[in-house]
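Structure at a glance
So you can see what is in the structure, the chains are spelled out below.
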Amino acid sequence: MTPVFFRINMNIINVGYDSTNYYLLDIRDGKLLVDSGFPGTLPKLSAELKRKGCSIGEIKYFLPTHYHPDHAGLTQELKNHGIKLIALEEQAGGISAFTEFFKTKKYPFQEIQPEDNINMKCTDSRKFLAGLGLNGEILHTPGHSNDSITLILDEGFAFTGDLHPVFALPENDLPSRESWDKINSHKITRIYPGHGS
Ligand SMILES: [Zn+2]
């Protein structure tokens with residue numbers, strides 16, 4: 001009988017702060033950042049990166065799980081550093097609502113510019129991720145918000161953002177339940193949530 005070895009090459013670092021998790025993943029020639037903090041908190045992110053032995057210059061791509069201030073507030077500030085935003089078609093409504101939201105708020109928010117984004121549909125994500133050296137895909141997983149997505153890695157990992165765990169869902173939250181069905185149709189062994197562990 002041939003022994004089966006499971007080896008996880010994927011290096012995932014949590015560079016979160018202010019009660020939110022931001023995940024840094026190794027890709028070919030750099031890092032992919034999943035989610036980022038409130039507008040104006042770039043120094044906090046930089047400090048957290050430094051603490052974990054990384055730097056902002058290593059980040060090549062940014063993927064927000066959804067456009068809420070504690071997950072996508074730094075989007076344009078990251079883009080200003082040459083980091084490419086993975087802008088999914090399924091999140092277009094989220095981006096415009098986000099921009100509107102900040103017009104009435106006092107945050108030091110930098111409006112997200114349409115230039116230099118990587119525009120794609122979730123259905124194109126597997127091919128794109130393969131180019132980064134990641135085996136996986138991005139699923140549209142509404143529930144917490146209409147623009148919520150989940151990054152799935154074939155190693156069995158799911159980055160679910162703020163999709164509430166099934167046990168915490170109200171009976172009538174069908175969108176979230178359907179999103180979990182979609183996620184669980186993949187072999188998931190570990191969840192990386194936007195908050196908590
Ligand atoms: Zn949220």
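Residues numbered from 1 in each chain as written. Predicted model: local features only at pLDDT ≥ 70, side-chain atom pairs only at ≥ 80, totals over all residues. Heavy atoms only, no water.

1. Describing the sheet that holds strand S6 (residues 118–120)
Spatially, S1-S2-S3-S4-S5-S6 is the arrangement adopted by the six strands of the open sheet, whose pairing is mixed. The open sheet has two free edges, formed respectively by strand S1 (12–14) and S6, since each of these has just one partner strand. Strand-to-strand twist across the sheet, computed as the mean angle between neighbouring axes with direction ignored, equals 25°. Across two bridges, strand S4 (residues 59–63) lies against strand S5 (residues 84–88) in parallel orientation. When the bridges of S5 are listed, Phe-62 appears paired with Leu-85. (Pairing = 2+ DSSP bridges. Helix = DSSP H or I, 4+ residues; strand = E, 2+ residues; numbered from the N terminus. Axes fitted to C-alpha atoms, helices over the stretch in contact; angles between N-to-C directions.)

2. A few points about the coordination of the zinc ion
Within the protein, His-66 (NE2), His-68 (ND1), His-144 (NE2) and Asp-162 (OD) serve as the donor atoms for the zinc ion, at 2.2 to 2.4 Å. Around the zinc ion sit four donor atoms; with metal-centred angles ranging over 89 to 176°, the donor geometry is irregular. Mapped onto the sequence, the donors of the zinc ion take the spacing H-x1-H-x75-H-x17-D. With His-68 in the loop between S4 and helix H2 (69–72) and Asp-162 in the loop between strand S9 (157–161) and helix H6 (174–184), this residue pair connects regions lying 94 residues apart in the sequence. By relative accessible area, Asp-162 is classed as buried at 10%. (Donors = N, O, S within 2.8 Å, 3.2 Å for Na, K, Ca; no water. Tetrahedral: all angles 85-135°; square planar, octahedral: opposite > 155°, others 65-115°. Buried < 20%, exposed > 50% of the residue type's maximum accessible area, 1.4 Å probe, protein only.)

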